[in-house]
Every structure is written in C-alpha cells, then in structure tokens.
Amino acid sequence: MEKIIVRGGHQLNGTVKVEGAKNAVLPVLAASLIASEGKSVITEVPELADVYTINQVLSNMNAEVHFDNNTVTVDASKRLKTEAPFEYVRKMRASVLVLGPLLARYGHANVAMPGGCAIGSRPIDLHLKGFEAMGAEVHVGNGFVEAHVNGRLKGAKIYLDMPSVGATENIMMAAALADGKTILENCAKEPEIVDLANYLNKMGAKIVGAGTETIRIEGVEKLYGTEHAIIPDRVEAGTFMVAAAITGGNVLIENAESEHLRSVISKLQEMEVTVKEENGGLRVIGPKSLKATDIKTLPHPGFPTDMQSQMMSLMLCAEGTSVITETVFENRFMHVEEFRRMNAKMKIEGRSVFIEGPSDLQGAEVAATDLRAAAALILAGLRADGYTRITELKHLDRGYVNFAGKLASLGADIDRVDENGDSVEAFAQEDFQEDGYVAKLS
Ligand SMILES: CC(=O)N[C@H]1[C@@H](OP(=O)(O)OP(=O)(O)OC[C@H]2O[C@@H](n3ccc(=O)[nH]c3=O)[C@H](O)[C@@H]2O)O[C@H](CO)[C@@H](O)[C@@H]1O
Ligand SMILES: C=C(OP(=O)(O)O)C(=O)O
C-alpha cells in the first residue's frame, strides 16, 4: 500500500502552479458527448485519476478519446452507446453527468445509480426531476437510472429545490439540445458552471445567465466539437494557500484566481494570513501566530465545502476556539477521527465542529477518508511534530496532481513510497489504460 510520509516543521517557500480544475473538466468532458460533428479539444486538463475515469466512460461509449500533454481530444461523432456501467460510476460519482448529454442527443440514457459516499448520501433526485420536466420518462431500478424521451426533450421552466452543482450542469447540458426555451431557477453559481456554459456556447449552444441564480437556455438542433481551456482549480489553489499559511511560509500560487476564492481569502485574512495578488497569482504569507475564526460551508459564493477539511487543519494551529459548520453535506466530518490520532482537540456537535487551538499536533499513521481529507491530513503533517504517514491515497489521486512532489518543491520534507518503501512519483496510470482509450503521459 502506498503512503505519503511527511516530517513536520519545514516552512514552505517558492512558487507552485495550479492545474486545471477537476470539477470543471469532468462536466466539460461529459458535455463533449453532445457534439455529433467535429472534435473537441480540451486543454489545461489535469492528470488526475478522475480524468482517466471519465475518459474511460467516454471511450466505453465508443467516443474516440486521446489524452496527451494536458490535452484531451474527444471525437463523439460516431453512434455512441448510451450506457455507463457501475464499475465507473462507483469510482466517480461525476459519471452521472453523462445522463443529460446522452438523453438530449439520443433520447435515451442508462447509467448506474451512484451510491452514497464518505461525505453524505448525495441523491440525484433534482437531476431526474429536471429531465422529467423536459418530458423524459425516468425509471430507477436494478441499480440503474434509465431515462428516455420520444423525439427531443422539451424546454421547460425548472426550479431547483437547492442550488445543486451537478443538477444545474446536467439540466443545462440536456436543455442545450432541447426543443424550445428552458429557464432554470435557483441554480448553482460556481465558477465551474460558468466554464461549462462557456464551452457549450462555443459548441453552438445559446445559454445566458450562468453564474447567476437564473440560467436561460434556448435549445438548438445540433452542437459541434470545439476548443476549450479549463479554468484553474480553485480548491487546489486554496489547499496550497493553507499549506503556505500553516507552515508560516511565503508561497506564490500561480494561476490562482482571486475572484473564485473570495470567501477563502477573506477567512485566511481573518486568521492573520497575508494574501496579495501578484503576477497572475496569489502570494500567501503565513503569520507567526494564527487567529481562530469560524466558517460555515455554503453554495458559491459562500465558503466551499471542498475547503472545509483543509481549513480545519489550519484552525487546529490557531490561537483560540474555531467553529466549522458544514451545511452542504451531512457527513463531511469523517476526518475528525483521523485528526484526533494526531492529538487534535475537537468536539463534534451536530453539524458543527469545535476546534480547540493551538493543538500540539503529533505525527501519526492516519488514513484519508475522502479526497479533501487526504490533503488536509498532509497539511496537518506539515506542522506536526515527527512523522505523519497518510494511507488511502486513492482519494488524493482523484483530485491532486503530484501533491507530494509539489510540496517537496516548496521545501516540505515529504515522500510518497510504495509497499517496499521505494519512492514513487504519483498514482499508477497503467490502471487506467484500456482498449480504445489512448492516454500518454507528457
Ligand atoms: C464533480 C463536482 O463538481 N463535485 C462537486 C459538486 O458535487 P455535486 O454536484 O455532487 O454536489 P451538489 O451541489 O449536487 O450537492 C449539494 C447538496 O445537494 C444535495 N443534492 C444534490 C443533488 C440532488 O439531486 N439532490 C440533492 O439532495 C446533495 O446531497 C448535497 O447535500 O459540488 C459539491 C458542492 O459544492 C462539491 O463538494 C463537489 O466537489
Ligand atoms: C467532493 C468532491 O468531489 P466529487 O463530487 O467528485 O466527489 C471534491 O472535489 O472535494
């Protein structure tokens, strides 16, 4: 079993570059299935396990997919299969984002139901209600969700009970090719929604209002492959901001987009961290002493749940009591138990965690419970006394490219080793090589 081993106590200094956003590239690649003519060329694609998984989903459907040098080319012009089996959806819930494109293009989609996961139950009822409002018949049974419609989907007025990112994306993709106008209300406003709308519009869609509460989509008859560069990953950027802050370091985070990180920047500043815009990025300087603060996770532009566990690491090192309230996912505190192994002083009460700082963090053997928890435990390890060993790195590899290597380049004492104790760079891409799908590392 691979592990990351960190020895705490080293300040981070230097420059690190943020990759393209995982949560933007997954819907964009799913949307590439709608193009019945021409190739899509997607650039700034991070080499993540999730990207390999979605590429497998697409190639399994008969799309031609190539991944090389941070660029994915998708030719979906052939007749595609309209199924996504459990083996992919199990690995990555975002596979359900193929439902909207397939249903819109072929009037049929059959996708394995995603299960619950470590952060909550994560139903997809809002996605399905949206498709039904557009005239689809949806049937859930035998572990699959099957949707179909005779002819084209029909534009509709749809109100989302909550601003779900995935539902907004799935319905927006379906509506792009529907007959007539769709008005989608109470939408998610995340930057990744705007990126997807921009890509769809370049493909020939007519979408206005992405990034606001109401998105208006005038359906078109056909969409075409196009070129698109993925936006920078605000969560990876935020994670490196915390890495700089927790070690009292001074790091320039290239490509970090301040507009996408306003809530994170504001909380870091409350904790006395210096954040400055500089040369197309953000410079983050950690203070001598961090101040406690409170956060409540909310849909964008509120504080992102995907930064909750990393902020918990930082709060553990702050003077005073900090409180984190998680309102987006009902079970996103699994990492608390792991932090306790590192001598963290915390108490969970309902949807809140009370953090007594500064904890005297000690290195320990800990297991990542989800993607962001993996990063958060490594961040805590940067500050802990002695060695922290982090296992279950499959979570980390879903969302961070060469995380240990990037931290090492900033001066961290960190190594990723295999079961023999030999250093390894990142996850094994060979696991993702499959018939028909060509992936080559740059
Ligand atoms: C690939 C991707 O982009 N993942 C992100 C996306 O996930 P994802 O798109 O799954 O998250 P949603 O915004 O849909 O979920 C938010 C909340 O709505 C609930 N819900 C959602 C859909 C639905 O049909 N019914 C329902 O009840 C969920 O259980 C959750 O409590 O947004 C989350 C919230 O910012 C992020 O943490 C994830 O990193
Ligand atoms: C929860 C996350 O992703 P996903 O929705 O892909 O599980 C995340 O990126 O932190």
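It should be emphasised that the depicted structure is a prediction, and the values quoted were computed from it without experimental measurement. (Residues numbered from 1 in each chain as written. Chains lettered and ligands numbered in written order. Predicted model: local features only at pLDDT ≥ 70, side-chain atom pairs only at ≥ 80, totals over all residues.)

### Some details on the overall build of the protein
So, point 1. When you go through the protein residue by residue, the secondary structure sums to 14 helices and 26 strands.
So, point 2. Computed over its C-alpha atoms, the radius of gyration of the protein comes to 22 Å, within 12% of the 22 Å expected for a compact globule of 442 residues.
So, point 3. Expressed as lengths along the three principal axes of its C-alpha atoms, the size of the protein is roughly 65 × 45 × 40 Å.
So, point 4. When burial is assessed residue by residue, the protein has 52% of its 442 residues classed as buried. (Helix = DSSP H or I, 4+ residues; strand = E, 2+ residues; numbered from the N terminus. Rg over C-alpha atoms; globule rule 2.2 N^0.38 Å. Buried ≥ 20, exposed ≤ 12 C-beta atoms within 10 Å, placed from the backbone.)

### What about the site of ligand 1?
So, point 1. Surveying the vicinity of ligand 1 reveals 21 residues, the closest of which are Asn23, Leu126, Ser164, Val165 and Gly166.
So, point 2. For the shell around ligand 1, the class distribution of residues is 11 nonpolar, six polar and four charged.
So, point 3. There are two domains that each give the shell around ligand 1 at least three residues, and those are domain 1 (3-19 + 232-429) and domain 2 (22-231). (Near = placed C-beta within 6 Å. Nonpolar A, V, L, I, M, F, W, Y, C, P; charged D, E, K, R; others polar. Domains from an automatic or database assignment.)

### Some thoughts on the UniProt feature "binding site: phosphoenolpyruvate" (unreviewed entry) in the protein
So, point 1. Within the UniProt annotation, "binding site: phosphoenolpyruvate" (unreviewed entry) is assigned to Lys22 and Asn23.
So, point 2. Relative to the elements of secondary structure, Lys22 occurs in helix H1 (residues 22-31).
So, point 3. With residues near it in sequence (within four places) discarded, Lys22 still touches Pro46, Leu48, Asp50, Asp233 and Gly399.
So, point 4. Relative to the helices and strands, Asn23 is located in helix H1.
So, point 5. Given 25 C-beta atoms within a 10 Å radius, Asn23 is considered buried. (UniProt positions renumbered as here; feature names shortened; annotations may be inferred. Contact = placed C-beta atoms within 7 Å.)

### Thoughts on the domain arrangement of the protein
So, point 1. For the protein, the assigned domains read domain 1 (3-19 + 232-429) and domain 2 (22-231).
So, point 2. Across the boundary between the two partners, domain 1 contributes 22 residues, which contact 16 residues of domain 2.
So, point 3. The element contributing the most residues to the side of domain 1 that touches domain 2 is helix H13 (residues 394-399), with three residues.
So, point 4. Its residues assigned to classes, the side of domain 1 that touches domain 2 shows seven nonpolar, six polar and nine charged.

### Some thoughts on the site of ligand 2
So, point 1. Residues in contact with ligand 2, as listed here, are Asn23, Arg93, Ala94, Ile119, Asp306, Leu371, Arg372 and Gly399.
So, point 2. The residue makeup of the shell around ligand 2, split by class, is three nonpolar, two polar and three charged.

### Examining the environment of Ile390
So, point 1. Along the chain, Ile390 falls in strand S24 (residues 387-391).
So, point 2. You can call Ile390 buried: it has 29 C-beta atoms within 10 Å.
So, point 3. Placed 26 residues apart in sequence, Ile390 and Arg416 show a C-alpha to C-alpha distance of 9.3 Å.
So, point 4. Look past the residues within four positions of Ile390 in its chain and what remains in contact with it is Lys3, Ile4, Val366, Ala368, Ala374, Leu377, Ile378 and Gly381.

### Here's the deal with the sheet that holds strand S23 (residues 365-367)
So, point 1. Pairing in this open sheet of four strands is mixed, and the strands run S23-S24-S1-S25 from one edge to the other. The open sheet terminates on both sides in strands that have one partner only, identified here as S23 and strand S25 (413-417). Geometrically, the sheet is characterised by an average inter-axis angle of 20° between neighbouring strands, direction not taken into account.
So, point 2. As paired elements, strand S1 (residues 3-7) and S25 share five bridges and run antiparallel to each other. Within S25, the residue paired with Arg7 across the bridge is Asp413. (Pairing = 2+ DSSP bridges. Axes fitted to C-alpha atoms, helices over the stretch in contact; angles between N-to-C directions.)

### What to know about the pairing of strand S5 (residues 71-75)
The side chains of a regular strand alternate between the sheet's two faces.
So, point 1. Where burial is concerned, the two faces of S5 differ: the one with Val72 and Val74 is buried and the one with Thr71, Thr73 and Asp75 is not.
So, point 2. Bridge count between strand S3 (residues 39-43) and S5: four bridges; the pairing is antiparallel. Looking at S5, one finds that Ser40 is bridged to Val74.
So, point 3. The antiparallel pairing of strand S4 (residues 64-68) with S5 creates a hairpin that spans two residues between the two strands, and Asn69 there sits at a positive phi of about 55°.

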